[in-house]
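# Structural description and commentary
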Amino acid sequence: MVTINIKDLIRKDLQNLEPYSSARNEFSGAASVFLDANENPFETNVNRYPDPNQFDLKTKLSVIKGVRIEQLLLGNGSDEVIDLIFRGFCNPQVDFAVSIAPSYGMYDVSAKINGVELRKVLLNNDFTLDVNTLIKTAREAKLVFICSPNNPTGNSFSRSTIQRVLHECKGLVIVDEAYIDFSEKKSIVDLITENPRLIVLQTLSKAWGMAGLRLGFCIANEEICNFLHKIKPPYNINCLTQDFALNRLEQSKTIKNEIASIISERKRIMLFFEELEIIETVFPTDANFILIRMSNATKMYSELVNNGIIVRNRSNQVLCDNTLRISIGTHEENEKLIHVFKQLNKLKK
Ligand SMILES: *Cc1c(COP(=O)(O)O)cnc(C)c1O
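The present account deals with the structure reproduced in this document. Since we're looking at a predicted model, the values are computed, not measured. (Residues numbered from 1 in each chain as written. Predicted model: local features only at pLDDT ≥ 70, side-chain atom pairs only at ≥ 80, totals over all residues. Heavy atoms only, no water.)

## A word on the state of the cysteines
With the rule as written, the count across this model stands at zero disulfides. Here Cys90 is not cross-linked by a disulfide; its sulfur's nearest cysteine counterpart is in Cys169, at 14 Å. Residue Cys169 is classed as buried on the basis of its relative accessible area, which comes to 0%. (Disulfide = S-S within 2.5 Å. Buried < 20%, exposed > 50% of the residue type's maximum accessible area, 1.4 Å probe, protein only.)

See below:
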């Protein structure tokens, strides 16, 4: 087991950063006259700056996730959290990061923007992970990204795999659980207590139905969250987002039902695809999408477009030649999808 101080992982020039102190940070307590932030005093619902600590929203999330609020850091989408992690921990042109491939495209983009080399460890042909190669490549990496369930492959990686990576690598291990609510496997959030270098990324964009809001978060060790809090833009989560999210998080029953519907539709479409001759492989999935392989995915993609259905052509991703990634829609949308696939199947026979 490698023991490393979180402080030592922080970008050298940021280790003693004094963060911007906002008006709302310097005063906390009860008052009725706020003349401290140069706001327009006339009520518009958004004339005041939002809470930079997102206290109410974090309180709610902490209950849902079973963590302390000090273990939460919210971002303008988890994409912002990914960027903050690169920015805060990687010395540009010096440190490198590692991710599996194929995986989520933002790790690449964020790495590049922050002047960090991202080394890729190719999954096996069946999308399982060669843990030994990952560990060999990532031992000295500042960051290791493991997306589980993985986008675009749909499969997830076991707790023991992630534990091994944590034990044998020296940097931060970021497990992206954007799709965890669709999986039967449970989150690895509980591993954070004994593994201070683990960061779990989650988002309200998928199962929680708030992609348009841009709200993602990480659950991590308190020291990591404190530091990320220092480097984030002070008001990164606006008032409307905080209010809307808080409100929807109260509707846990509705969300649960939506997830259940997506999971049962996923099963239905899987079975349908498995029977269809034009589809060669239906990859197992723990997410709200299915990856399928066929003989000419790009042609199939265009035919779906001609029928008004947009899916994601993943054919140019490594190991994903001739694949489409298809999100699970409502029952009616899925019926349309099935109908079009049946037509295309007939034509090909
Ligand atoms: C969709 C997705 C996200 C979510 O990003 P947001 O910025 O929170 O919308 C994060 N990681 C993966 C792997 C995703 O597929």
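Text resumes after the structure shown.
## Focus on the site of the ligand
Looking at the ligand, there are 13 residues lining it, with Tyr179, Thr203, Ser205, Lys206 and Arg214 nearest. At a separation of 3.2 Å, an oxygen atom of the ligand approaches a polar side-chain atom of Lys206. Here an oxygen atom of the ligand and a side-chain polar atom of Arg214 are 2.5 Å apart. Here the shell around the ligand is built from residues that sort into four nonpolar, five polar and four charged. (Near = heavy atom within 4 Å. Polar contact = N/O pair within 3.5 Å; in protein donor to acceptor, adjacent residues only side chain to side chain. Nonpolar A, V, L, I, M, F, W, Y, C, P; charged D, E, K, R; others polar.)

## Considering the packing of aromatic side chains
Applying the stated criterion across every chain yields a total of nine aromatic pairs. Consider the rings of Tyr49 and Tyr235, whose centres lie 4.5 Å apart with planes at 25 degrees: the pair is stacked. Here the residue Tyr49 occupies a position in the loop between helix 2 (23–26) and helix 3 (55–65), and Tyr235 occupies one in the loop between helix 8 (222–231) and helix 9 (239–249), the gap between them amounting to 186 residues. By relative accessible area, which is 40% here, Tyr49 ends up partly exposed. Judged by relative accessible area, which is 23%, Tyr235 ranks as partly exposed. (Phe/Tyr/Trp six-rings, centres within 6.5 Å; stacked < 30°, edge-to-face > 60°. Helix = DSSP H or I, 4+ residues; strand = E, 2+ residues; numbered from the N terminus.)

## Focus on the environment of Lys7
Its place among the elements puts Lys7 in helix 1 (residues 6–9). Residues Lys7 and Pro234, spaced 227 residues apart in sequence, show a C-alpha to C-alpha distance of 21 Å.

## Focus: helix 8
When we look at burial in helix 8, the residues that qualify are Ile224, Cys225, Phe227, Leu228 and Ile231. Taken around the axis of helix 8, the buried residues stretch over an arc of 165 degrees, which confines them to a single face. On its buried face, helix 8 sits against helix 1, strand 1 (72–75), helix 4 (78–89), strand 5 (172–176), strand 6 (198–203) and strand 7 (216–220). Where helix 8 begins, one side-chain oxygen reaches toward the backbone nitrogen of Glu223, 2.8 Å away; that side chain belongs to Asn221. (Arc of directions from axis to C-beta. Contact = heavy atoms within 4.5 Å.)

## Quick word on the nonpolar core
Counting residues in hydrophobic clusters, the biggest one holds 79 residues, and the most contacted among them are Leu134, Val165, Phe273, Ile292, Leu304, Leu324 and Phe341. The biggest single contributor to this core is helix 10 (residues 252–275), with seven residues. Filtering out sequence-adjacent residues up to four positions away, Ile292 remains in contact with Phe273, Ile279, Thr281, Val282, Asn322, Thr323, Leu324, Ile326 and Phe341. Counting 31 residues, the second-largest nonpolar core is a separate cluster that includes Cys90, Phe145, Leu201 and Cys218. (Core = buried A, V, L, I, M, F, W, Y, C linked by side-chain atoms within 4.5 Å.)

## Comments concerning the pattern of salt bridges
Under the definition given, this model contains 21 salt bridges. A salt bridge links Glu250 to Lys60, with the nearest nitrogen and oxygen atoms 3.5 Å apart. Here Glu250, found in the loop between helix 9 and helix 10, pairs with Lys60, found in helix 3; they are 190 residues apart in sequence, far enough to count as distant. Note that Lys120 is salt-bridged to Asp108, the shortest N-O span being 3.1 Å. Of this pair, Lys120 sits in strand 3 (residues 117–122) while Asp108 sits in helix 5 (residues 106–113); the two residues are 12 residues apart in sequence, bridging distant segments of the chain. Residue classification places Lys120 among the partly exposed residues on the basis of a relative accessible area of 41%. By relative accessible area, which is 27% here, Asp108 ends up partly exposed. Via salt bridges that share partners, Arg68, Glu70 and Glu222 belong to a single interconnected network. (Salt bridge = Lys/Arg side-chain N within 4 Å of Asp/Glu carboxyl O.)

## A short note on the environment of Lys186
Structurally, Lys186 can be placed in the loop between strand 5 and strand 6. As a C-alpha pair, Lys186 and Arg159 span 27 residues in sequence and 9.1 Å in three-dimensional space. Aside from chain neighbours lying at most four places away, what touches Lys186 is Arg159 and Ile180.

## Focus on helix 6 (residues 131–138)
Taken together, the buried positions of helix 6 are occupied by Val131, Leu134, Ile135 and Ala138. One face of helix 6 carries all of its buried residues, which in axial projection span an arc of 95 degrees. If you follow the buried residues of helix 6, they end up packed against strand 2 (96–101), strand 3, strand 4 (143–147) and helix 7 (159–168).

## Some remarks on the sheet that holds strand 6
Taken in spatial order, the seven strands line up as 1-7-6-5-4-2-3 in an open sheet, and their pairing is mixed. Each having just a single partner strand, strand 1 and strand 3 make up the two edges of the open sheet. Taken over all neighbouring pairs, the strand axes of this sheet differ in orientation by 25 degrees on average, direction set aside. Two elements, strand 2 and strand 3, share six bridges in a ladder whose sense is parallel. Its bridge partner being in strand 3, Val98 is matched across the sheet by Arg119. Packing of helix 6 onto the sheet brings it into contact with strand 2, strand 3 and strand 4, and relative to strand 2 it is tilted by some 165 degrees. (Pairing = 2+ DSSP bridges. Axes fitted to C-alpha atoms, helices over the stretch in contact; angles between N-to-C directions.)

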